[in-house]
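# Structure assessment
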Amino acid sequence: MAPIAPRSGDAIFANVERVNAELFTLTYGAIVRQLLTDLEEVDEVNKQLDQMGYNIGIRLIDEFLAKSNVSRCNDFRETTDVIAKVGFKMFLGVAASVTNWDADGTCCSIVLEDNPLVDFVELPDNCQGLYYCNILSGVIRGALDMVSMKTEVTWLRDVLRGDDVFELQVKLLKHVPEEYPYKDDE
Amino acid sequence: MIGVGKIKQYSNVLDKPLTKGKQEVSLSAFAFLFSELVQYNQTQVDNIGELERRLEDAGYAVGARVLELLCHRDKGNRRETRLLGILSFVHSTVWKVLFGKVADSLEKGTEHEDEYMISEKELLVNKFISIPKDMGTFNCGAFVAGIVRGVLDGAGFPAVVTAHFVPMEGQQRPRTTILIKFAEEVLRREARLG
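Residues numbered from 1 in each chain as written. Chains lettered and ligands numbered in written order. Predicted model: local features only at pLDDT ≥ 70, side-chain atom pairs only at ≥ 80, totals over all residues. Heavy atoms only, no water.

The name given to chain B in an unreviewed UniProt entry is Trafficking protein particle complex subunit, with Psophocarpus tetragonolobus as the source organism. The Subunit (unreviewed entry) comment attached to chain B in UniProt states, word for word, "Part of the multisubunit TRAPP (transport protein particle) complex." (UniProt positions renumbered as here; feature names shortened; annotations may be inferred.)

Chain A has the name Trafficking protein particle complex subunit in an unreviewed UniProt entry, where Psophocarpus tetragonolobus is given as its organism. Heading Function (unreviewed entry) of the UniProt record for chain A holds this comment: "May play a role in vesicular transport from endoplasmic reticulum to Golgi." Entered under Sequence similarities (unreviewed entry) in the UniProt record, the comment concerning chain A runs "Belongs to the TRAPP small subunits family. BET3 subfamily."

Given below as structure tokens:
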């Protein structure tokens, strides 16, 4: 059977079930507010958001691979390209772009102009250290972890802090070879 | 600096034009997010009552904001003053905007004057959730109950809102009913308005 060609982000997004982005935005806002009330420290909230994102990412990757039919990516460039063009479009309905490749091809930036998580949001003065969309960095980190790539994801630019776009820096730390839970010869 | 470059910088979020509300995200993105909300709250509480209360509080915040948004955008800043008016607003407009369809049914309680029920065959938030047996009657619809309570409270109709599973014959999954019990003052006011 011939392999099925990978589908574009738009095509997949048109085929999945969708919900109103405002419900999504408001629910995320409720989560961040709950965390701020419980944890009180902005750094703790950032860490917790990242952890929640990680939990989502490790499950999201399965759905992503199932729905998008992408073949194995040959290198990190392709991987981040696929994340930006297909991944973001498929789940959040927004297009992202990849820029700022460094010399060895292990570090790049994903730029988001539109972000459904931050509609209606303004950071108050006492929360200026908060990375409101930190859940996204956790999702990317978790998803890539499950396909044997250890990465570090940080925020370079954040609209809520006064910049004009969202910029995430994705840095490949290393490839982790797949471990089998049993010995071959037993 | 404002107005430079392709994207206009708004110094105040209130100056930004209001979105039309047509943007969508995938259902799975919302489902993942909701599951994290529930999982996080499970670590913070010891019993089911607390868990339901926390989900309801999260929903309350959503409801209050949804009311503001919809009143401004869709209703031209008109306020509902009658009970049936606000109930049909919740049942049709709010449900349509949040879940993409109107609620399955709106009924008046037969036993008590102050009870109304909105029923749904399968709540969107419960779509991918299964409740383990040891959690008894816990219903993640408490989040939706919170949304309804937020809308009603913001509109001036204080009520106690809860979510219940109602088993239906011939169907594998039980129906969900959002039970709304209005406060005394609401009924008195409604009677006065005739």
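Alright, that's what it looks like, and here's the rest.
## Considerations on the sheet that holds strand β4 (residues 159-166) of chain B
Residue and element names in this part refer to chain B. Spatially, the four strands line up as an open sheet ordered β2-β3-β5-β4, and their pairing is antiparallel. A strand with exactly one partner marks an edge of an open sheet, and here the two such strands are β2 (105-108) and β4. Strand-to-strand, the axes of this sheet are offset by a mean angle of 20 degrees, without reference to chain direction. The sheet contact formed by β2 and strand β3 (residues 115-120) spans four bridges and is antiparallel. Residue pairing in the sheet places Leu106 in a bridge with Ile118 of β3. In the packing of helix α3 (residues 83-99) onto the sheet, contacts are made with β2, β3 and β5 (175-182), and the angle to β3 comes to roughly 15 degrees. (Pairing = 2+ DSSP bridges. Helix = DSSP H or I, 4+ residues; strand = E, 2+ residues; numbered from the N terminus. Axes fitted to C-alpha atoms, helices over the stretch in contact; angles between N-to-C directions. Contact = heavy atoms within 4.5 Å.)

## Brief notes about helix α1 (residues 27-44) of chain B
Under the 1.5 Å per step criterion, the end-to-end length of α1 of chain B is 26 Å for 18 residues, consistent within 8% with the ideal 26 Å. When you tally the buried positions in α1 of chain B, you get 13 out of 18 residues, the bulk of the element. (Expected span 1.5 Å × (residues − 1). Buried < 20%, exposed > 50% of the residue type's maximum accessible area, 1.4 Å probe, protein only.)

## Quick notes on the pattern of salt bridges
Residue and element names in this part refer to chain A. On inspection of all chains with the given rule, the structure shows 25 salt bridges over all chains. A salt bridge links Asp50 to Arg141, with the nearest nitrogen and oxygen atoms 2.7 Å apart. Pair noted here: Asp50 is in helix α3 (residues 42-68) and Arg141 is in helix α5 (residues 134-146), with a separation of 91 residues, a long-range link. Under the relative-accessibility criterion, Arg141 is labelled partly exposed at 24%. The partner of Glu167 in a salt bridge is Arg157, with the nearest N and O atoms 2.6 Å apart. Here Glu167 is found in strand β5 (residues 166-175), whereas its partner Arg157 is found in strand β4 (residues 149-157), with 10 residues between them in sequence. For Glu167, a relative accessible area of 5% translates into the label buried. (Salt bridge = Lys/Arg side-chain N within 4 Å of Asp/Glu carboxyl O.)

## A look at the state of the cysteines
Residues and elements named next belong to chain A. Per the counting criterion, the structure on display carries zero disulfides over all chains. No disulfide involves Cys107; its sulfur sits 6.6 Å from the nearest other cysteine sulfur, which is in Cys108. Since its relative accessible area comes to 10%, Cys107 is described here as buried. Cys133 carries a free sulfur, and the closest cysteine sulfur to it, the one in Cys127, is 14 Å from it. (Disulfide = S-S within 2.5 Å.)

## So, the packing of α3 of chain A against α1 of chain B
Taken N-terminus to C-terminus, the directions of α3 of chain A and α1 of chain B make an angle of 135 degrees; their axes are 10 Å apart at the nearest point. In terms of orientation, α3 of chain A and α1 of chain B fall into the oblique class. Crossing hand, α3 of chain A versus α1 of chain B: right-handed. Across from Gln48, Met52, Asn55, Ile56, Arg59, Leu60 and Glu63 of chain A in α3 of chain A, the residues of α1 of chain B making contact are Ser28, Phe32, Leu33, Ser35, Glu36, Leu37, Gln39 and Tyr40 of chain B. Taken together, the residues of the contact of α3 of chain A with α1 of chain B sort by class into seven nonpolar, five polar and three charged. (Parallel < 35°, antiparallel > 145°, perpendicular 65-115°, else oblique. Left-handed = near helix turned anticlockwise from the far one by under 90°. Nonpolar A, V, L, I, M, F, W, Y, C, P; charged D, E, K, R; others polar.)

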